[in-house]
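Results of the structural survey
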Amino acid sequence: MARPPFLEALRQGVLLADGAMGTLLYSQGGDCSCFEALNLREPQRVLAAHQAYRQAGACLLETNTFAANRHQLGLSGLADAVAEVNRAGAALARQAAASQVGPCYVAGAVGPLGPAWYEREPPEQASAALFREQIAALVAGGVDLLLFETFARLDELLLALRVAREFALPRVAQMAFVAEGRTRDGLSAADIVRQLRPLADVVGTNCGCGPHDMLQRVREMAVVDDGLLSAFANSGFPQYVNGRHLYLATPDYFAARGGEMVAAGVRLIGGCCGTTPEHIAALNRTLQRPLPVRSVSSSVVPVTPVPTAAPVTSPLLERWAAGRQPITVELDPPRGLDCSAVLAGARRLAAAGVDAINLAENPLARIRMGNLALAARIQEASGVPVIAHVTCRDRNLIGLHSELMGAHLLGLRHILAVTGDPVAVGDAAGASNVFDLNAIGLLGLLAALNQGRTLLGSELGGHTAFCCGAAFNPNAQPLEGQLRKLERKVAAGARFVQTQPVYSAEVLQRLRELSGHCPVPLFVGLLPLVSERNAEFLHNEVPGIRLPDVVRQRMRGTQGDSGVAAGMAVMDELIGQMRGWVAGYYLMPPFGRVELAEELIHRIRAVA
């Protein structure tokens, strides 16, 4: 009997897919630094894993190519082996599919490009090219369909699906949901299925959670969609046992919940992290028995509308809206426990008429006092609003939520969302980067808190009232990447923008042109130089700062009073060039020298 096309087979009944490939390969020991490389280095090992799932009853096998794109393979020195790795993966799965009697389909597995790729803010065309290269190799290898799995970003999955439309194969699209039944973008299962359906033949979910929570996500999808659905659950949540992460859900439990997913409407079902051939065999036995008829009621899934963010007031933005030019000054928390100098500096700035005080968070990845608690003390001592910088480097997603809710409790209302300098820039040996989010994701988190929920959808019983800011580097060459990033930051909720320090008339002209199109105020960064040594350090060692040759030449041979005079003369010229168009100023006095900021405030007010 001829094998029906994949989509026709799904419409006729339920198809059982395989389980985790990485889990099985890891359990065997040996080289696990790059699972996809085993397609070339140890093909018999990969083939045996496929055959084990085939023997367990799977009639769809995924290729061992989840991370076989040029970027991910490049991390293991295999950037030029994309075609070879993917074709080998397809051939091995095809060989295993034919090892047992009965129809079996081969799915070309495609995963996300990885967070390290998106830290570069690549253009969309570059990301599309990576997907296209991998998909073309899988198609050339003879896969029956394309399966996109474990995507946490909806925009990335939509991009991959648009590329996949160039190839005449069925498309399965699966998102990963985390706690509270939401994606990292805060979208529900119902939101996801609506947005994916126009581009995918089968829509579903995998990874992210165990079978209990995945059953809920499947039911949410079924409420709003009567198309083909898929579900590949993890084997529960991992626990750390004797130095290894183990998934402890039994095959029988996994299979029982899988049967309920099928009853809810799933037509393609398999396993993800932690599942083994034993889990798939148990699920196969369950599917041989009569299952309850699909029954979905809208009462199963309480889909609550996302509340509209409450209006956020800000004295800083009110001043700007009234035609004034706000001035903010940055201070650094102390390296030790004594904050008296910072508090004294804040009082001096308040007396000088500053509109807000910026408080950096561990700048240059060096250990300092926690800035959120200190920000509350500064506001209390000076009466001036504090813009607290919050980085993504030092806290995971849980910690960011908690710290920001605590910041709201402390009365902080202005947050500058920044990705943060990587640990390698600083001097904290042994520290690690977190980067669960980047600055754009952090702005999304702040927007969610303002709407009364976490980024994952959990209700807060109230809402925060943060006025969110973002950073912009106008010194970058080329500038297009920074402009795209700025657009995304504003779209994510940035209400004002602060730039990196500017030293050239050319960069100021760029900002002047940009300010006419930017819907939020741009506060231009000014950091007075104080010596040749200071200028060279900033130019050569501080990310995001570039000094024109003419400025470096003017600082040549200066130090002490001569250095300060030369540096302030540069600032005077820049302030004069900004007269009449700049939205506001962001001053960064070096080495905590508040007197330089006071002098600049007076000069700016005089020019204005």
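Structural notes, computed from the coordinates. (Residues numbered from 1 in each chain as written. Predicted model: local features only at pLDDT ≥ 70, side-chain atom pairs only at ≥ 80, totals over all residues. Heavy atoms only, no water.)

1. What about the pattern of salt bridges?
Put simply, the test is: For this document, the term salt bridge refers to a Lys or Arg side-chain nitrogen within 4 Å of an Asp or Glu carboxyl oxygen. Numbering of helices and strands runs from the N terminus; a helix is a DSSP stretch of H or I covering at least four residues, while a strand is a stretch of E covering at least two. For every residue, the accessible area (1.4 Å probe, protein chains only) is compared with the maximum for its type, and the residue is labelled buried under 20%, exposed over 50%, or partly exposed between those bounds.
Summed over all chains, the structure comprises 27 salt bridges. Two residues, Asp80 and Arg70, come together in a salt bridge whose shortest N-O distance is 2.9 Å. With Asp80 in the loop between helix 5 (70-74) and helix 6 (82-97) and Arg70 in helix 5, the pair connects residues that are ten residues apart, well separated along the chain. Residue classification places Asp80 among the exposed positions, given a relative accessible area of 73%. Across the salt bridge formed by Glu403 and Arg395, the nearest N and O atoms sit 3.9 Å from each other. On the basis of relative accessibility, which here comes to 37%, the residue Glu403 falls in the partly exposed class. Among the charged side chains, a salt-bridge network with shared partners connects Arg3, Arg94 and Asp144.

2. Describing the environment of Ala109
To keep things clear, this is the line we draw: Note on contacts: a residue pair qualifies if any of its non-hydrogen atoms lie within 4.5 Å across the two residues.
Looking at where Ala109 falls in the secondary structure, it is placed in strand 3 (residues 105-110). Residue class for Ala109 comes out buried when judged on its relative accessible area of 0%. Separated by 148 residues in the primary sequence, Ala109 and Arg257 have C-alpha atoms spaced 24 Å apart. Leaving out residues up to four positions away in the same chain, Ala109 has contacts with Glu62, Thr63, Thr65, Phe66, Gln134, Leu138, Leu147 and Glu149.

3. A look at empty space enclosed by the protein
Formally: Both cavities and pockets are sets of points on a 1 Å grid over the protein atoms alone; in a cavity a 1.4 Å probe fits but cannot get out, in a pocket the set is open with protein on both sides within 12 Å along at least five of seven lines, and lining residues sit with an atom within 4 Å of a point. Grid points are joined across faces, edges and corners, and a volume is the space filled by probe spheres set on the points. Basically, the charged four are Asp, Glu, Lys and Arg, the nonpolar ten are Ala, Val, Leu, Ile, Met, Phe, Trp, Tyr, Cys and Pro, and anything else, Gly included, counts as polar.
Evaluation of the coordinates by the stated rule reveals one cavity of 30 Å³ or more. Considered as a void within the structure, the largest cavity measures approximately 30 Å³ in volume. Lining the largest cavity are Pro211, Ala231, Ala233, Phe254, Gly258, Met261, Ile269, Gly270 and Leu283. Elements that contribute at least two residues to the lining of the largest cavity include exactly strand 7 (228-233), helix 12 (251-263) and strand 10 (266-271). A total of three residues in the lining of the largest cavity trace back to one element, the largest contributor, which is helix 12. A class-by-class count of the residues in the lining of the largest cavity yields seven nonpolar, two polar and no charged.

4. Describing the pairing of strand 5 (residues 171-175)
In plain terms, the rule: Two strands pair if DSSP finds at least two bridges between them. Look down the strands so they point away from you; if going from the first strand over the helix to the second traces a clockwise path, that crossover is right-handed.
Counting buried residues along strand 5, five of its five residues qualify, which places the element largely inside the surrounding structure. Side chains Arg171, Ala173 and Met175 of strand 5 all project onto a buried face; the interleaved residues Val172 and Gln174 project onto the opposite face, where all are buried too. Relative to strand 5, strand 4 (residues 145-151) runs parallel, the two being bridged by four bridges. Directly across from Leu147, in strand 5, lies its bridge partner Val172. With helix 9 (residues 154-164) bridging strand 4 and the parallel strand 5, this β-α-β connection has right-handed handedness. Pairing analysis gives four bridges linking strand 5 to strand 6 (residues 202-206), with the strands arranged parallel. Note on strand 6: the bridge partner recorded for Gln174 is Gly204.

5. A word on the nonpolar core
Soluble globular proteins tend to bury their nonpolar side chains together. To keep things clear, this is the line we draw: Definition of nonpolar core: a set of buried residues of the types Ala, Val, Leu, Ile, Met, Phe, Trp, Tyr and Cys, connected through side-chain atoms within 4.5 Å.
Core analysis: the largest hydrophobic core is formed by 101 residues, its most contacted members being Tyr503 and Met578. With eight residues, helix 23 (residues 560-578) is the largest single contributor of residues to this core. Ignoring sequence-local partners within four residues, the contact set of Met578 consists of Leu508, Val524, Leu526 and Tyr585. In this structure, Ala97, Leu146, Leu169 and Ala282 belong to the second largest nonpolar core, which totals 75 residues.

6. Looking at the pairing of strand 12 (residues 356-359)
Along any regular strand, the residues point their side chains to alternate faces of the sheet. Residues of strand 12 alternate between two faces, with Ala356 and Asn358 on one and Ile357 and Leu359 on the opposite face, all of them buried. Relative to strand 12, strand 11 (residues 327-331) runs parallel, the two sharing four bridges. Each bridged residue has a counterpart across the sheet, and for Glu330 the counterpart in strand 12 is Asn358. The pairing of strand 12 with strand 13 (residues 386-391) spans three bridges and is parallel. Note on strand 13: the bridge partner recorded for Ile357 is Val386. Since strand 12 and strand 13 lie parallel, the crossover through helix 16 (residues 371-382) that links them has a hand, and here it is right-handed.

7. Here we look at the sheet that holds strand 12
Definition in use: Axis lines are fitted through C-alpha atoms, for helices just across the contact stretch, and the angle between N-to-C directions can take any value from 0 to 180 degrees.
The strand order around the closed barrel formed by eight strands is 11-12-13-14-15-16-17-18, and the pairing between neighbours is parallel. The mean inter-strand angle of the sheet, taken between neighbouring strand axes irrespective of direction, is 25°. In this sheet, strand 14 (residues 414-418) lies alongside strand 13 in parallel orientation, the contact comprising five bridges. Note on strand 14: the bridge partner recorded for His389 is Leu416. Against the sheet, helix 16 touches strand 12 and strand 13, its axis set at about 175° to strand 13. Seen against the sheet, helix 18 (residues 439-450) touches strand 13, strand 14 and strand 15 (467-472) and runs at an angle of roughly 150° to strand 14.

By themselves, these are just geometric observations and shouldn't be taken as functional.
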